[in-house]
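In case you want the letters, here they are:
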Amino acid sequence: LKWLIHPSIVHCHNIFKTQHHLYFIYDHLPGYPLSDLLPAGISFEEDLSKYSAIEIIRGIVSALSYLEQREVIHSNLSPESVILFGGSKVVLINFG
């Protein structure tokens with residue numbers, strides 16, 4: 001994962017393992033998961049402009065296209081693994 005360099009994919013700085021665990025060191029992302037915008041009762045019009053929704057989708061598709069070109073599968077894609085920050089900036093995390 002260290003060789004994946006894309007603005008919509010979390011950067012992995014280091015990977016190391018101990019006898020019982022595998023550790024990944026990623027960028028700190030000061031944002032919130034897409035799932036925070038999706039609970040019941042939240043109106044699309046109130047919380048997410050049409051422009052922001054398009055930019056979020058564009059970021060997700062761009063990251064998935066980049067991964068597909070490198071034959072990498074994101075095995076855990078969900079609203080919880082899409083982090084939003086800075087308006088409509090999107091970063092995929094949690095590759096499973």
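I will try to describe carefully the structure that is included in this document. Bear in mind that the values here come from a model prediction, so they are computed numbers and not experimental data.

Procedures and definitions
- Note on numbering: residues in each chain are counted from 1, in written sequence order.
- Local features in this predicted model are restricted to residues whose pLDDT is 70 or higher, and side-chain atom pairs enter the listing and the counts only when it is 80 or higher, whereas totals over whole chains, interfaces and linings include all residues.
- Calculated side-chain values reflect all of the structure's heavy atoms, with hydrogen atoms and water omitted.
- Whenever Lys or Arg places a side-chain nitrogen within 4 Å of a carboxyl oxygen from Asp or Glu, that contact is recorded as a salt bridge.
- Think of it this way: any DSSP run of H or I at least four residues long counts as a helix, any run of E at least two long counts as a strand, and we number them from the N terminus.
- Two strands qualify as a pair provided that DSSP identifies no fewer than 2 bridges between them.
- Polar contacts, as counted here, are pairs of nitrogen or oxygen atoms within 3.5 Å of one another; within protein the pair requires one atom able to donate a hydrogen and one able to accept it, and residues that are adjacent in sequence qualify only if both atoms are side-chain atoms.
- Any two rings among Phe, Tyr and Trp, with Trp reduced to its six-membered ring, count as a pair given centres within 6.5 Å; such a pair is stacked if its planes are under 30 degrees apart, edge-to-face if over 60, and tilted if neither.
- Exposure categories follow from relative accessible area, calculated using a 1.4 Å probe and restricted to protein chains: below 20% of the type maximum is buried, above 50% is exposed, and the middle band is partly exposed.

In this section: the pattern of salt bridges. Applying the stated criterion across every chain yields a total of one salt bridge. Of the charged contacts in the structure, one is a salt bridge between E55 and R58, with a shortest N-O distance of 2.6 Å. Of this pair, E55 and R58 both sit in helix α2 (residues 50-69), three residues apart, which is roughly one turn of the helix.

The residue E71 is not glycine, and still its phi comes out positive at about 55°. Relative to the helices and strands, E71 resides in the loop between α2 and β4 (82-85).

Glancing now at the sheet that holds strand β5 (residues 89-92). The three strands lie next to each other as β3-β4-β5, forming an open sheet whose pairing is antiparallel. Since the sheet does not close on itself, it has two edges, and those belong to β3 (32-33) and β5, each with one partner. Taken together, the two bridges between β3 and β4 define a ladder with antiparallel strand orientation. By the bridge assignment for β4, P33 is matched with I83.

On to the side chain of H74. With respect to the secondary-structure elements, H74 resides in the loop between α2 and β4. Polar contacts involving the side chain of H74 include one to the main-chain amide nitrogen of N76, which spans 3.2 Å. At 3.1 Å, the side chain of H74 forms a polar contact with the backbone nitrogen of L77.

We now examine the packing of aromatic side chains. Summed over all chains, the structure comprises two aromatic pairs. Measuring from ring centre to ring centre gives 5.1 Å for F16 and Y23, while their planes differ by 20°; the resulting arrangement is stacked. For Y23, a relative accessible area of 35% corresponds to the partly exposed category. Between the aromatic rings of F24 and Y26, the centroid separation amounts to 5.9 Å while the plane-to-plane angle is 10°, which identifies the pairing as stacked. For F24, a relative accessible area of 35% gives the class partly exposed.

Pairing geometry for strand β1 (residues 12-17) and strand β2 (residues 22-26), over five bridges, is antiparallel. Counted as the bridge partner of I15 is F24 from β2. Where β1 folds back on β2, the antiparallel hairpin that results is connected by four residues.

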